[in-house]
Amino acid sequence: MAKGKTDDDQAKRAGKYSDAELAEFVSALETDAPDSTNDAPEAAPTPRGRKIVVQEESAVSSKHSPAPDEEQPDISAVLTPPPPTEMQHLTKSPRHFPWGWTIGIIALLAAVSVAGFFVFNRAKKFSNTNVQLQFKPPAAATSGSSLTLTIEYQNLEPVDLTKVQLAVEYPAGFTYTSSEPAATGDGKNAFDLGTVRSGQAGQVTLVGTIIGAIDETRDFSATMTYRPSTFNSDFQQQATTQVKITASILGLALTGPTQLAPGATGAWTVAYSNTSDHDLPEVQINATYPDGFTVISTNPAAQEKSAVWKIDVVKQGAQGTITIAGKVDGNIGDTLPLQVSVGLRNSTNTIDLQDEQSLLIILVKTGVTTTVAVNGSTDPVVIGPGEMLNYSVRVLNSSDLELTNATVTVKLEGAALDLTKLANDSKGLVKDNVLTWTKDQLAALASLKPAQVVTISFAVGAKSTLTVATDADRDPHVTATINVTAPGLATNTNTTTPPSTVVVSKLSTVLALKAEARYYDTSGQAIGSGPLPPKVGQTTVYRVTWTITNTTSDANNLVVSARLPNTTLWTGQNLNRDAGDLVFDPDSRMVRWTLNTVPAGTGGRLAALTASFDLSITPTADQVGAIPILIETATATATDSYTNKTPTSPAATLTTDLPSDTKAAGQGQVTA
């Protein structure tokens, strides 16, 4: 055996190890030491292939703290390894216990324990109890609107966390929109957070749209996976939260009468709206009708049993209405609950309820009875241009209940209305063309007992001049629409009274007849013949023209007639008319012009209608100095197609004086 090798073996048997070997041993302990002192794991095999069990500090202290008077063992003996097997065979004595070997092993284990104690206490401790993960959800969510969720995380462990990944599980009805940081993966629910240093905190902000039924909750969960810098294993933290849907961007309102008499009809309006910034598809509205309620019609028409409306999409910011007309039956005092709901059809073909509204219809003897007198008459009146309409509105509480804080409104409309002539004796508030009375204007409206009456008076004028430029200007009128409302009276509807009282006062057309006689036409050409002024025994011929105009409504069955005196002769010459028939009856000596219709606007947008004919006189001696009558007073009559009234227009008696003929005027006296 070589001398060098022998020296090394002897040194080891003597308990001497080189500095390099000791350094290698301690390095192996530091590398394999776990990061927790709570449960000291079994150490990894040393380079020599042996397992070393690290003991608690207390155990090391108790095993390797000799008493003060105890003899200290020689460290060389403690660290001296057992001799090789062949040496054991040469030196072993079967009669003696191997105390040296046993003591050496114990000393070696004690040294390892002490070294492990110091190594483990120098290492940072990871417990996985100080990694925090939590949601910060909103207090409540609105279905169909944007939702923002914050996931907070913090590393309070003494070591860094590496390879940190966050995975979020979204509930049904949630659609990812954006996030910070950006999400990855097909589901947009994975987040790479990299390394989270010891003491570092951060957050992930999620933005999306959530859809669900009102009062439902949606569950979100998050899992954070990471690897501590002192471990080769992955750990996880989990967090969950619930978001309650308390409202919806899909709104619903139900309005209509709440008090009706048995057998009455009414109309209810379902209004829906999308208040979001995006479209909502697959919207469905359902109505639930009570017993005693009969649907008369719906607009738009329902798809199923007059109770289901399926809407493909409600555009962002859009509104819509559904009208339900129905009849209620039952006994006074019965209550009929009408209910409507709106929802969104989901992927499972079921409806996520978004809003629900109900209205209770009470069958009572209810309503107000409104009667209106115009110019003292409760029947429709016809007035002429410039005339006044004097209104007297009588409101009767015909219900079984007291009506408080009633409001009366009168809306005045119509082409014939002249609001500048308003006489507001009852001091109603005037805004635009609406008059309003409340308890502030009439104290009686504060409380109307059953059968109590309140009367309101006012007056308004009709325009003095009306023209017909288009067909829309025809048939002018003044309309007064009277409504009575009160908090305890949802509608005026009952079996006899409509919701509104509408009074239409018609304006009669103005039919005008003009008659003139001429010797010369307007250009100065003679259209008459014979001496001028007329002379005894000589015949002078004059031209008579009738002109008809009409204003606002068609005038039917026009008749213009006049009588000829015995001194005037019907020549039968130059008979002209724009329309109709022109005849003379020699027995009655009446000249008549008849035609079917004088259209509205004749003489305005349409040309005036005329008829003309020749008359002659041959004065006698007793007429010298007189101005003979050519034709007596003419009168035009017709039937107003709008008012059914009979307008009449007279024309002046025509003589030989010819005032409208400037060239022949003043030459009407008969000369000898």
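Residues numbered from 1 in each chain as written. Predicted model: local features only at pLDDT ≥ 70, side-chain atom pairs only at ≥ 80, totals over all residues. Heavy atoms only, no water.

Topic: the overall build of the chain
Inference 1: Regarding its fold elements, the chain presents six helices and 42 strands.
Inference 2: In the chain, once contacts between residues fewer than 6 apart in sequence are set aside, the share between residues at least 24 apart is 74%.
Inference 3: On the chain, roughly 34500 Å² of surface is accessible, and the fraction owed to carbon and sulfur atoms is 50%. (Helix = DSSP H or I, 4+ residues; strand = E, 2+ residues; numbered from the N terminus. Contact = heavy atoms within 4.5 Å. Areas by Shrake-Rupley, 256 points an atom, 1.4 Å probe, with all protein chains shown as cover.)

Observations regarding the nonpolar core
Inference 1: Of all hydrophobic cores here, the largest spans 36 residues; its most connected members are Trp-546, Ile-548, Leu-558, Trp-593 and Phe-613.
Inference 2: Among the elements of the structure, strand 31 (511-518), strand 32 (540-550), strand 33 (555-563), strand 36 (581-585), strand 37 (590-598), strand 38 (609-617), strand 39 (629-631) and strand 40 (634-640) are those that each provide at least two residues to this core.
Inference 3: Of all the elements, strand 38 adds the most residues to this core, at five residues.
Inference 4: The next biggest cluster of nonpolar side chains, apart from the first, holds 34 residues, and it includes Tyr-391, Val-393, Val-395 and Leu-435. (Core = buried A, V, L, I, M, F, W, Y, C linked by side-chain atoms within 4.5 Å. Buried < 20%, exposed > 50% of the residue type's maximum accessible area, 1.4 Å probe, protein only.)

What to know about the packing of aromatic side chains
Inference 1: Counted according to the given criterion, the structure contains 14 aromatic pairs.
Inference 2: An angle of 85° between the planes, with centres 5.2 Å apart, marks the rings of Phe-174 and Phe-220 as edge-to-face. One end of the pair, Phe-174, is in strand 5 (residues 174-180); the other, Phe-220, is in strand 8 (residues 217-228), with 46 residues separating them in the sequence.
Inference 3: By relative accessible area, which is 9% here, Phe-174 ends up buried.
Inference 4: Take Phe-220: its relative accessible area is 1%, and that puts it in the buried class.
Inference 5: Note on Phe-231 and Phe-235: the rings are 5.7 Å apart at their centroids and 90° apart in plane angle, and the pair reads as edge-to-face.
Inference 6: You can call Phe-235 partly exposed: its relative accessible area is 22%. (Phe/Tyr/Trp six-rings, centres within 6.5 Å; stacked < 30°, edge-to-face > 60°.)

A look at the sheet that holds strand 1 (residues 131-136)
In a beta sheet, neighbouring strands are held together by backbone hydrogen bonds and run either parallel or antiparallel to one another.
Inference 1: Strands sit in the order 1-3-7-5 across an open sheet of four strands; the sheet is antiparallel. Each edge of the open sheet carries a strand with a single partner, namely strand 1 and strand 5. Averaged over all neighbouring strand pairs, the angle between strand axes comes to 20°, with direction disregarded. (Pairing = 2+ DSSP bridges. Axes fitted to C-alpha atoms, helices over the stretch in contact; angles between N-to-C directions.)

Points about unusual backbone geometry
Inference 1: Cis peptide bonds are those with omega within 30 degrees of zero, and the linkage from Glu-180 to Pro-181 qualifies with 5°.
Inference 2: Along the chain, the position of Pro-181 falls in the loop between strand 5 and strand 6 (190-196).
Inference 3: The amide bond that connects Leu-532 to the next residue, Pro-533, takes the cis arrangement and shows omega of 5°.
Inference 4: For Pro-533, the location among the structural elements is in the loop between strand 31 and strand 32.

Considerations on the pattern of salt bridges
Inference 1: Within this structure, the stated rule accounts for 12 salt bridges.
Inference 2: Put simply, Glu-216 and Arg-218 hold a salt bridge, and the shortest N to O gap is 2.9 Å.
Inference 3: Here Asp-279 and Lys-315 are joined by a salt bridge, their closest N and O atoms 3.6 Å apart. Taken as a pair, Asp-279 in the loop between strand 12 (265-274) and strand 13 (280-288) and Lys-315 in the loop between strand 15 (308-314) and strand 16 (319-328) lie far apart in primary sequence, 36 residues in all.
Inference 4: Residue class for Asp-279 comes out partly exposed when judged on its relative accessible area of 31%.
Inference 5: Since its relative accessible area comes to 48%, Lys-315 is described here as partly exposed. (Salt bridge = Lys/Arg side-chain N within 4 Å of Asp/Glu carboxyl O.)

Structural notes on the side chain of Arg-543
Inference 1: As for its position among the elements, Arg-543 is in strand 32.
Inference 2: Exposure remark for Arg-543: the relative accessible area of 16% places this residue in the buried category.
Inference 3: For Arg-543, the side chain forms a polar contact with the side chain of Asp-614, separated by 2.3 Å.
Inference 4: Among residues more than four places away in sequence, those in contact with Arg-543 are Glu-516, Ala-517, Arg-518, Ile-527, Asn-574, Ser-612, Phe-613 and Asp-614. (Polar contact = N/O pair within 3.5 Å; in protein donor to acceptor, adjacent residues only side chain to side chain.)

Notes on the sheet that holds strand 29 (residues 477-485)
Inference 1: With mixed pairing, the six strands of this open sheet are ordered in space as 20-30-29-23-26-25. The two strands at the open ends of the sheet, each matched to only one other strand, are strand 20 (382-383) and strand 25 (429-431).
Inference 2: As judged from the three bridges shared by strand 25 and strand 26 (residues 434-437), these two strands associate in the antiparallel manner. In the sheet register, Lys-431 faces strand 26, and the bridge partner there is Val-434.

Concerning the environment of Ser-523
Inference 1: Of note, Ser-523 is situated in the loop between strand 31 and strand 32.
Inference 2: With a relative accessible area of 55%, Ser-523 lands in the exposed category.
Inference 3: Taking C-alpha positions, Ser-523 is 9.8 Å from Lys-663, a pair spaced 140 residues apart along the chain.
Inference 4: Within the structure, Ser-523 has its side chain in polar contact with the side chain of Asp-521 (distance 2.7 Å).

Examining the side chain of Thr-602
Inference 1: Its location among the elements puts Thr-602 in the loop between strand 37 and strand 38.
Inference 2: With residues up to four places along the chain from it excluded, the contact list for Thr-602 reads Ile-548, Thr-549, Asn-550, Ala-607, Ala-608 and Leu-609.

Examining the confidence of the model for the chain
Inference 1: Summing up the model confidence of the chain, the mean pLDDT is 83 and the portion of residues at 70 or higher is 81%.
Inference 2: Counted against residues more than four places away or in other chains, residues 117-123, with its pLDDT under 50, gives 11 contacts.
Inference 3: Within the model, the stretch residues 490-498 combines pLDDT values under 50 with 30 contacts to residues more than four positions away or in other chains. (pLDDT = per-residue confidence, 0-100.)

Quick word on empty space enclosed by the protein
Inference 1: Inspection of every chain in the model, using the stated rule, returns one cavity of 30 Å³ or more.
Inference 2: Its volume calculated, the largest cavity comes out at about 30 Å³.
Inference 3: Surrounding the largest cavity, Thr-567, Ile-617, Thr-618, Pro-619, Gln-623 and Pro-628 form its lining.
Inference 4: Tallied by class, the residues present in the lining of the largest cavity amount to three nonpolar, three polar and no charged. (1 Å grid on protein atoms, 1.4 Å probe; cavity = no way out; pocket = protein on both sides within 12 Å on 5 of 7 lines; lining within 4 Å. Points joined across faces, edges and corners; volume = space filled by probe spheres on them. Nonpolar A, V, L, I, M, F, W, Y, C, P; charged D, E, K, R; others polar.)

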